[in-house]
Amino acid sequence: MALNKNENSRPCALCGEERPEKFKIWFDGYLKLFRCRTCDFVAQYPGPGKDTIISTYEDYYNLKFVKSGHTFMYPERHAVLTDIADRILKIKPTGKILDVGCGDGHFLKICQEKGLDVYGVEDSKALSGYASKQLGTEIIQGLYDRDMFPLKSFDVISFIQVVEHLPDPIET
């Protein structure tokens, strides 16, 4: 499916491409996604946009999912997150991974179980504390800044469902 010119489209968050014919849209069974054919950036379609970017997640999340008997907030994402981890492991079978916006630590838990050294950054105080306990490692609570770590500290850095929330992903 391609974007129509009459749809309310935004430019690609990564390269700025604006031509609708340069985007492919599909449903992966969980989310409607788009791929920019210019730079191969993939994100949720239509994405939250600047008007819905939350400047702080401090009070946005709670741990109701734990009270309802779930280890992770979105257990239905397990297969997708495992697939992402497996793709990473094909390229880099060992090493350190940083997950920016790691939420409850679900993705990092999968990576940890597959042998990677895991690190995370999460703005939500509740979720960063929960993820730290689940993983047995420190999750930095706060907004990611590329100056948080020395260059080349990690073999892989993931921004799963994060880039589309950034006002300027290139700068980040």
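Structure: see above.
Here's what I pulled together on the structure shown here. (Residues numbered from 1 in each chain as written. Predicted model: local features only at pLDDT ≥ 70, side-chain atom pairs only at ≥ 80, totals over all residues. Heavy atoms only, no water.)

**Observations regarding the sheet that holds strand β7 (residues 156-158)**
The strand order across the open sheet formed by four strands is β6-β5-β4-β7, and the pairing between neighbours is parallel. With partners counted over all chains shown, the strands left at the sheet margins are β6 (139-141) and β7, one partner each. Neighbour to neighbour, the strand axes of the sheet diverge by 15 degrees on average, direction disregarded. Note: strand β4 (residues 96-100) against β7, three bridges, orientation parallel. Bridging across to β7, Leu98 finds its partner in Ile157. (Pairing = 2+ DSSP bridges. Helix = DSSP H or I, 4+ residues; strand = E, 2+ residues; numbered from the N terminus. Axes fitted to C-alpha atoms, helices over the stretch in contact; angles between N-to-C directions.)

**Considering the packing of helix α2 (residues 78-91) against helix α3 (residues 106-113)**
Angle between the axes and distance between the axes are the two parameters that describe a pair of packed helices. For the pair α2 and α3, the least separation of the axes is 9 Å and the interaxial angle reads 50 degrees. One way to sum up the angle between α2 and α3 is to call them oblique. Relative to α3, the crossing made by α2 is right-handed. Across the interface between the two elements, His78, Leu81, Thr82, Ile84, Ala85 and Ile88 of α2 pack against His106, Phe107, Ile110 and Cys111 of α3. Class assignment for the residues of the contact of α2 with α3 results in seven nonpolar, three polar and no charged. (Parallel < 35°, antiparallel > 145°, perpendicular 65-115°, else oblique. Left-handed = near helix turned anticlockwise from the far one by under 90°. Contact = heavy atoms within 4.5 Å. Nonpolar A, V, L, I, M, F, W, Y, C, P; charged D, E, K, R; others polar.)

By themselves these figures say nothing about function.
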